[in-house]
Amino acid sequence: MKTCKHCGAENPEELSTCSFCGSALEEEEKAGTGLLGSMGGKRYTEAEKPAEAEKPAAVPAEERESAAPAGGLLGSMGKRRYESGDGKPEEKPEEKPGEKPAALRDSGIAGSMGKRRYGTRPKDAPPAPPVEAGLAGSMGKQRYGARPKDSPPEEKPRPVKKKSADKGRIIAVSLTVLALAASVLLVFWDAIFGSAKLYGAGIGGYINYYRPVEEEEIVEEDGVRYVGDQMVIVSGFGISYDEMEDYFLEQDMEIIGYVELIDAYQVQLSQSYTLAQLHDMCRELEKDRHVDSATVNAVWESDSFAVPSDPWDGSANWNRAEPYSANWGVVAIHAPESWERWEPAEVRVGVLDSMFDENHRDLNFSMTKGNEIYSRTPDNDSKAHGTHVSGTIGAVHDNGLVAAGVAENCRLYGYSASRYQTTMDEVSAMAELAAQDVRVINYSMGLIDEYRDAAIERNGVERDIYYHYAAAFSQTAMKHLLRKGYDFVLVCAAGNDPVEAVWASEYAYITDPEIRDRIIVVGAAQVDGDGRYSLAYFSARGSRMDVVAPGVDIYSTMPGGGGGYMSGTSMATPHVTGVTASVWAMAPELSGAEVKRIVVRTANIPVSGSSVGMINMEAAMEAAEAAAR
């Protein structure tokens with residue numbers, strides 16, 4: 001028989017692998033090859049062996065004496081160790097119920113049998129025949145299996161079934177994740193599910209909640225609206241929530257909103273302050289290492305940009321040389337040529353806007369957030385704006401419905417602005433979209449006219465709050481996104497007023513190169529006939545405008561399942577968003593900055609009255625294809 005070294009099972013001689021555990025079997029040493037081990041006080045090597053190979057033999061007295069010249073025994077019997085000088089144990093080991101007789105323990109066999117260890121036998125002790133001893137064990141590589149005649153037959157060892165390491169690891173990880181989730185839920189339960197109206201809890205596997213502003217909380221000062229007893233703060237990169245919580249307690253501030261992905265905190269102050277006071281407090285906080293950026297929680301109404309028009313009667317003309325019908329926008333930017341030549345992978349596009357008809361059959365929304373107000377509001381303009389913008393980006397192709405969006409195979413992620421949009425709303429929305437692997441975001445909104453005019457005319461606190469510090473806060477939040485591995489391109493409207501585009505929003509005002517290189521500011525073009533285009537009379541202009549796109553009489557999806565016309569830089573922006581998303585889908589390994597460069601560099605369609613050209617989807621896709629090689 002061959003004994004398996006791994007599981008101890010005995011196998012027939014002709015087998016080379018163990019029939020129980022599958023391990024390779026080694027050739028057993030034949031009788032006479034020598035046992036490696038010890039019996040009594042003598043060690044045996046390969047060149048030596050006991051007198052009998054089949055059973056333990058008594059060790060000659062002279063060898064025992066030479067092994068212990070002082071006459072003492074060096075070894076163990078039972079669980080005791082003995083070193084007497086007369087060759088006898090110092091004391092007899094204590095007998096325990098169920099143990100083998102002491103005579104067997106003194107049998108002179110050095111090693112182990114059964115579950116007991118045996119030491120050198122005293123000289124005057126008679127040898128115990130192994131057949132009566134009932135000893136089962138091993139010495140060297142030899143196994144002894146003597147047992148009393150009336151004992152039951154020895155069972156073969158059963159192979160050990162190994163536990164799956166992967167299964168065990170999965171269970172351990174799962175338990176850890178559940179424990180962490182429970183801990184987070186306990187910490188934030190009151191904040192997320194308490195009496196406060198909080199949005200965005202835990203979307204995408206991270207903490208994201210904030211307190212929307214109520215009308216009675218808004219303070220108005222010289223035409224500027226803000227929350228007098230709140231601030232919005234981005235912490236220093238790498239500073240933990242617990243450390244920031246302690247810091248805010250020292251400052252007599254309470255956390256009422258937290259966007260983990262960009263380390264942004266909405267904090268409640270103990271009292272209300274003027275705009276100038278908040279301005280000074282923010283600047284003072286930014287001197288501390290805990291604060292990367294601080295600003296007021298500014299407020300603006302988000303429904304003032306919708307300009308709905310008449311419904312479309314279904315006409316279309318695909319003649320690029322003379323685009324004039326309701327589909328002139330996609331024709332002018334050479335979208336049909338792109339649809340013919342390329343079929344890009346699925347693209348995900350985020351839309352920060354008013355509200356969406358998410359049940360529109362021509363729109364494919366994977367997610368909408370904050371859109372529950374859609375069914376409760378009579379404000380059709382707000383419903384139309386977000387729905388119309390979404391259709392220009394990604395209305396489903398070839399379904400016989402309203403229109404075809406610029407980006408094929410597009411999944412939309414809509415984030416509805418509440419009536420009173422705040423700084424905290426926007427950073428929370430961007431974080432949630434980033435967590436859904438949305439890399440291109442459409443922002444067809446901006447400041448209302450009163451705020452923009454106040455900032456242009458004044459060179460004081462109002463301008464600082466709405467532009468310099470709001471822009472600094474937004475770019476800091478975006479930097480935190482980039483550091484955590486979330487790249488993006490933000491496409492925003494240049495504004496419907498013929499002034500410098502830098503005043504369109506805090507995003508257009510951003511100057512940091514790393515973030516500015518990921519923001520595309522879009523002006524509006526109109527069709528003049530004979531294949532010519534010009535800058536729309538209402539469009540912003542100037543050096544901050546990156547590209548222009550069709551923005552007058554644009555047909556797209558409207559609430560209720562139909563379609564209609566709208567005009568504005570809000571309508572031009574989604575054309576650029578659709579192109580940008582398609583370019584990134586063609587070359588997903590590019591950075592956001594590289595994608596923007598392709599879109600801007602290939603905007604080569606002339607537009608009179610504009611210092612920049614109109615986007616060219618076909619040229620942009622060609623450049624993306626070349627970059628992907």
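Residues numbered from 1 in each chain as written. Predicted model: local features only at pLDDT ≥ 70, side-chain atom pairs only at ≥ 80, totals over all residues. Heavy atoms only, no water.

Caption draft 1: Main features of the overall build of the protein chain. Assigned secondary structure in the protein chain consists of 17 helices and 27 strands. Across the 629 residues that make up the protein chain, the buried fraction comes to 52%. The long-range share in the protein chain, meaning contacts at least 24 apart out of those at least 6 apart in sequence, stands at 68%. Only carbon and sulfur atoms are counted for the fraction: they give 50% of the accessible area of the protein chain, which is about 29300 Å². (Helix = DSSP H or I, 4+ residues; strand = E, 2+ residues; numbered from the N terminus. Buried < 20%, exposed > 50% of the residue type's maximum accessible area, 1.4 Å probe, protein only. Contact = heavy atoms within 4.5 Å. Areas by Shrake-Rupley, 256 points an atom, 1.4 Å probe, with all protein chains shown as cover.)

Caption draft 2: A look at the nonpolar core. Residues M614 and I615 are the most contacted members of the largest nonpolar core, which totals 135 residues. Ranked by residues supplied to this core, first place goes to helix α15 (residues 569-586) with 9 residues. Beyond its immediate stretch of four places on either side in the chain, I615 contacts I333, V547, V548, A549, H575, V576, V579, V599, A603 and I605. The next biggest cluster of nonpolar side chains, apart from the first, holds 5 residues, and it includes C4, C7, A9 and C18. (Core = buried A, V, L, I, M, F, W, Y, C linked by side-chain atoms within 4.5 Å.)

Caption draft 3: Looking closely at the pattern of salt bridges. Counted by the stated rule, this structure contains 15 salt bridges. A salt bridge links R289 to E243; the nearest nitrogen and oxygen atoms lie 2.5 Å apart. Placement of the pair is R289 in the loop between α6 (275-285) and β16 (291-301) and E243 in helix α5 (residues 241-250), with a sequence separation of 46 residues. One salt bridge connects K479 with D512, and the closest N-O pair in it is separated by 3.4 Å. Note that K479 is positioned in helix α12 (residues 461-483) and D512 in the loop between α13 (506-509) and α14 (513-516), a separation of 33 residues in sequence. Counted as one network, the salt bridges with shared partners bring together R341, E618 and E622. (Salt bridge = Lys/Arg side-chain N within 4 Å of Asp/Glu carboxyl O.)

Caption draft 4: Structural context of the side chain of D487. Positionally, D487 belongs in the loop between α12 and β22 (489-493). By relative accessible area, which is 19% here, D487 ends up buried. Among the polar contacts listed, one links the side chain of D487 to the side chain of R518, at a separation of 2.7 Å. Within the local environment of D487, its side chain forms a polar contact with the backbone nitrogen of G592, the two atoms lying 2.8 Å apart. Contact partners of D487, with chain neighbours within four places excluded, come to R439, L482, R518, W584, S591 and G592. (Polar contact = N/O pair within 3.5 Å; in protein donor to acceptor, adjacent residues only side chain to side chain.)

Caption draft 5: Region of the structure containing the environment of Q271. Here Q271 lies in the loop between β15 (264-268) and α6. Each C-alpha atom, one on Q271 and one on G228, is 7.8 Å from the other, the two residues being 43 residues apart in sequence. When neighbours within four sequence positions are excluded, Q271 is seen to be in contact with G228 and D229.

Caption draft 6: Summary view of helix α16 (residues 592-601). When we look at burial in α16, the residues that qualify are G592, A593, V595, K596, I598 and V599. Looking at the buried positions of α16, the neighbouring elements they touch are β22, α14, β23 (519-529), β25 (547-550), α15 and α17 (617-628).

Caption draft 7: Geometry of the packing of aromatic side chains. The tally for this structure, following the rule as stated, stands at 11 aromatic pairs. Ring centres 5.2 Å apart and planes at 85° place the aromatic pair Y537 and F538 in the edge-to-face group. Taking the relative accessible area as the measure of exposure, Y537 reaches 66% and is therefore exposed. Owing to a relative accessible area of 11%, F538 belongs among the buried residues under this scheme. Considering the side-chain rings of Y555 and Y565, the 6.0 Å spacing of their centres and the 70° angle between planes classify their relative orientation as edge-to-face. Of the two residues, Y555 sits in strand β26 (residues 554-557) while Y565 sits in strand β27 (residues 563-566), which places them 10 residues apart along the sequence. Residues Y555 and Y565 agree in their burial class; the two are buried. Taken together, the ring pairs in this structure connect Y241, Y247, F248, Y258 and Y265 into an aromatic cluster. Positioned above the aromatic ring of W584, the side-chain terminus of R439 is 4.3 Å from the ring centre. The ring of F237 has R483 sitting right over it, with the charged end atom 5.1 Å from the ring centre. (Phe/Tyr/Trp six-rings, centres within 6.5 Å; stacked < 30°, edge-to-face > 60°. Lys NZ or Arg CZ within 6 Å of the ring centre and 35° of its normal.)

Caption draft 8: Region of interest: a negative patch on the surface. There is a patch of like negative charges on the surface, built from D242, E245, D246 and E250. With respect to the helices, strands and loops of the structure, E245 is situated in helix α5. Assessed through its relative accessible area of 33%, E245 is described here as partly exposed. (Patch = residues over 30% accessible without salt bridge, like charges linked within 9 Å, V, L, I, M, F, W, Y side chains within 5 Å. Lys, Arg positive; Asp, Glu negative; His and termini not counted. Charge placed at Lys NZ, Arg CZ, Asp CG, Glu CD.)

Just geometry here; none of it tells us what the structure is for.
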